[in-house]
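What follows is each chain in one-letter form.
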Amino acid sequence: ATPDEYRALVDEGVVRKPFEEVFGEGDGTDVMGILNVTPDSFYDGGEHDAVGDAVERAYEMNAEGADIIDIGGESTRPGAEPVPVEEELDRVLPVVERIADDLTVSVDTRKPEVAREALEAGAEILNDVTGLADPETRRVAAEAGCKVVAMDSVNVPVDPSAQSYYDDVVTDVARRLSETALQARRAGVSAEDIVLDPGVGFGKGTDGDLELLRRTDEIASLGYPVLYGCSRKSFLGSATGEEEDDRLAPSVAAHFYAALRGASYVRVHDVAETARALRLAESFD
Ligand SMILES: Nc1nc2ncc(COP(=O)(O)OP(=O)(O)O)nc2c(=O)[nH]1
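In what follows, the accompanying structure is described.

Parameters at a glance
- Once a new chain begins, its residue numbering starts again from 1 and follows that chain's sequence as written.
- For a predicted model such as this one, the threshold for reporting local features is a pLDDT of at least 70, and the threshold for listing and counting side-chain atom pairs is 80 or more; totals across whole chains, interfaces and linings nevertheless cover every residue.
- Calculated side-chain values reflect all of the structure's heavy atoms, with hydrogen atoms and water omitted.
- What makes a nonpolar core is a set of buried Ala, Val, Leu, Ile, Met, Phe, Trp, Tyr and Cys residues whose side-chain atoms join them at distances within 4.5 Å.
- Note on exposure labels: buried denotes an accessible area under 20% of the residue type's maximum, exposed denotes more than 50%, and partly exposed covers the range between, all computed with a 1.4 Å probe on protein chains only.
- Contacts between residues were defined by any pair of non-hydrogen atoms, one from each residue, lying within 4.5 Å.
- Both cavities and pockets are sets of points on a 1 Å grid over the protein atoms alone; in a cavity a 1.4 Å probe fits but cannot get out, in a pocket the set is open with protein on both sides within 12 Å along at least five of seven lines, and lining residues sit with an atom within 4 Å of a point.
- Grid points are joined across faces, edges and corners, and a volume is the space filled by probe spheres set on the points.
- Only DSSP runs of H or I covering at least 4 residues are called helices, and only runs of E covering at least 2 are called strands; the numbering of each starts at the N terminus.
- When residues are grouped by polarity, Ala, Val, Leu, Ile, Met, Phe, Trp, Tyr, Cys and Pro land in nonpolar, Asp, Glu, Lys and Arg in charged, and all others, Gly among them, in polar.
- Should a side-chain nitrogen of Lys or Arg be within 4 Å of a carboxyl oxygen of Asp or Glu, the pair is scored as a salt bridge.
- A pair of strands is treated as paired once DSSP finds two or more bridges between them.
- Orientation is described by lines fitted to C-alpha atoms, with helices fitted over the stretch in contact, and by angles between N-to-C directions that extend from 0 to 180 degrees.
- Candidate patch residues must exceed 30% relative accessible area and have no salt bridge, after which like charges are joined if within 9 Å and Val, Leu, Ile, Met, Phe, Trp or Tyr side chains if within 5 Å.
- Under the convention used here, a 1.4 Å probe and the Shrake-Rupley method define accessible areas, while residue burial counts only the protein chains that appear.
- By the counting scheme adopted, Arg and Lys are positive, Glu and Asp are negative, and His together with the chain ends is not counted.
- Positions of charges follow a simple convention, taking NZ of Lys, CZ of Arg, CG of Asp or CD of Glu.
- Residues are classed as near a molecule or strand on a simple rule: at least one heavy atom within 4 Å of it.
- We call two N or O atoms a polar contact when they sit within 3.5 Å, provided that within protein one can donate a hydrogen and the other can accept it, with sequence-adjacent residues counted only if both atoms are side-chain atoms.
- Occupancy of a cavity or pocket is assigned to a molecule whenever over half of its atoms lie within 2 Å of that pocket's grid points.
- Look down the strands so they point away from you; if going from the first strand over the helix to the second traces a clockwise path, that crossover is right-handed.
- For classification purposes, angles smaller than 35 degrees are called roughly parallel, those larger than 145 roughly antiparallel, those between 65 and 115 roughly perpendicular, and all remaining angles oblique.
- For any pair of crossing helices, the crossing counts as left-handed if the nearer helix is rotated counterclockwise from the farther one by less than a right angle, and right-handed if it is rotated clockwise.

1. What about the nonpolar core?
So, point 1. Among the nonpolar cores identified, the biggest contains 63 residues, and I69, I71, V95, I99, L196, I219 and Y228 are the most heavily contacted of them.
So, point 2. Apart from residues lying up to four places away in sequence, Y228 is in contact with P198, V200, L212, L213, T216, I219, H255, A258, A263, Y265, V266 and R267.
So, point 3. If you look at the next biggest cluster of nonpolar residues, it comprises 7 residues, including I68, I125, V149 and L227.

2. Considering the layout of surface pockets
So, point 1. Here the largest pocket is characterised by a volume of approximately 880 Å³.
So, point 2. Lining the largest pocket we find 38 residues, and of these I34, N36, R77, R267 and H269 sit closest to its centre.
So, point 3. Elements represented by at least two residues in the lining of the largest pocket include exactly β1 (30–36), β5 (147–151) and α8 (205–214).
So, point 4. Considering each element in turn, the lining of the largest pocket owes the most residues, 4 residues, to β1.
So, point 5. Residue composition of the lining of the largest pocket, grouped by class: 11 nonpolar, 16 polar and 11 charged.

3. Side note on the pattern of salt bridges
So, point 1. Using the criterion set out here, one finds 22 salt bridges in the structure.
So, point 2. D172 is paired through a salt bridge with R175; the nearest N and O atoms lie 2.7 Å apart. With a gap of 3 residues between them, D172 and R175 both fall in helix α7 (residues 169–186), about one helical turn apart. By the burial criterion, D172 is buried, and R175 matches it.
So, point 3. Residues participating in the shared-partner salt-bridge network are D152, D172, R175, R176, E179 and K204.

4. Quick word on the sheet that holds β5
So, point 1. Reading across the sheet, the 8 strands line up as β6-β5-β4-β3-β2-β1-β8-β7 and stay open at both edges, with parallel pairing between neighbours. The sheet is open, and its two edges are formed by β6 (194–197) and β7 (227–228), each paired on a single side.
So, point 2. With 4 bridges joining them, β1 and strand β8 (residues 265–268) adopt parallel strand pairing. If you follow M32 over to β8, its bridge partner there is R267.
So, point 3. Along the sheet, helix α3 (residues 50–64) makes contact with β1 and β2 (68–72), crossing β1 at roughly 165°.

5. Brief notes about a negative patch on the surface
So, point 1. Residues E86, D90, E113, E117, E120 and D134 make up a contiguous surface patch of negative charge.
So, point 2. Looking at the negative patch, the elements with two or more residues in it are α4 (85–99) and α5 (112–120).
So, point 3. No other element matches the 3 residues that α5 contributes to the negative patch.
So, point 4. When you line up the elements, E113 lands in helix α5.

6. What to know about the site of the ligand
So, point 1. Surveying the vicinity of the ligand reveals 17 residues, the closest of which are N36, N127, D197, K233 and H269.
So, point 2. For the ligand, a nitrogen atom lies 2.8 Å from a polar atom in the side chain of N127.
So, point 3. Between an oxygen atom of the ligand and a main-chain N or O atom of G229, the distance comes to 3.4 Å.
So, point 4. The fraction of the free accessible surface of the ligand (480 Å²) that becomes covered by protein chains is 94%.
So, point 5. A molecule is said to occupy a pocket when more than half its atoms come within 2 Å of that pocket's grid points, and by this definition the ligand occupies the largest pocket.
So, point 6. Taken together, the elements giving at least two residues each to the shell around the ligand come down to β1 and β5.

7. Some remarks on unusual backbone geometry
For residues other than glycine, phi is negative in most cases, and the peptide bonds are mostly trans.
So, point 1. The phi dihedral of L132 falls on the positive side, at around 55°, and the residue is not glycine.
So, point 2. Note on placement: L132 falls in the loop between β4 (125–128) and α6 (135–144).

8. A closer look at the environment of D246
So, point 1. Within the fold, D246 resides in the loop between α10 (234–240) and α11 (248–260).
So, point 2. Residue class for D246 comes out partly exposed when judged on its relative accessible area of 49%.

9. Some points on the pairing of β4
So, point 1. Side chains I125 and N127 of β4 all project onto a buried face; the interleaved residues L126 and D128 project onto the opposite face, where all are buried too.
So, point 2. Bridge count for strand β3 (residues 105–108) against β4 is 3 bridges, and the pairing is parallel. Residue pairing for β4: D108 is matched across the bridge by N127.
So, point 3. Handedness of the crossover joining β3 and β4 through α5: right-handed.

10. Remarks on the packing of α3 against α4
So, point 1. Their axes nearest at 10 Å, the elements α3 and α4 cross at an angle of 45°. One element, α3, and the other, α4, form an angle in the oblique class. Read as a crossing pair, α3 and α4 show a hand that is right-handed. The residues of α4 that touch α3, namely those facing V51, G52, A54, V55, A58 and Y59, are P94, V95, R98 and I99.
So, point 2. Class assignment for the residues of the contact of α3 with α4 results in 8 nonpolar, 1 polar and 1 charged.

Rendered as structure tokens:
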């Protein structure tokens, strides 16, 4: 939407977010640093203190400019091994407990039990790739009064009977995200605690991911802060032709662009490089 179209939507009360926050000054874009506490990250069969390593990495990301540390105990990659609740708790809780007093922690989980215990241990944000599809998770978030990142994951339709009426991925994702936000609010999650995330890399295909990035401003004009998580994702490799490299440059460029087009948060592996690029974006304001 252009600023004029957006202003008209605000006047009609269609969208909630103040105009200037989406198109104007705003307070910049926050960096969410990714801290995977999964076997293929820190755990090497218990050879040495995996919790200590994770804690060290959390403080390192904070020093590099991360505003939030996103702790995940289960990979969401398609085909990844599901992790039992107890195991996910054993991976996540010790790290949350060690850093939550100093750092802003989000917990990246699909399980209400993990959400509840991580929030009790001091996490302030629930990051749910299923968009709080589980009613129990919505109850946990409402009771905790925490911030939530609700991500669109196409294989978890909010309303199973709703078909994708559009042939346009951005309209389709925007519709599902609006339904996701309404579903959370009906469960008692406050509107100002909701961050929406189009779920780049989750079932939209390379073209869909590129379109969601290109039209960040349309997702950002839904009336809620948005988070983009493009870091090192395969669509960046396909789009730039470097299939196997670490995709650092396209990841930083993607989040720089998303920030300019209205994203309030970016979820990244490479915190220092991204934080520096965002300072350039903020200098444009
Ligand atoms: N809100 C949000 N959460 C997410 N969690 C995991 C992944 C991808 O998970 P995975 O492929 O396991 O890798 P990593 O956690 O290293 O990004 N992507 C997102 C995302 O885009 N948005």
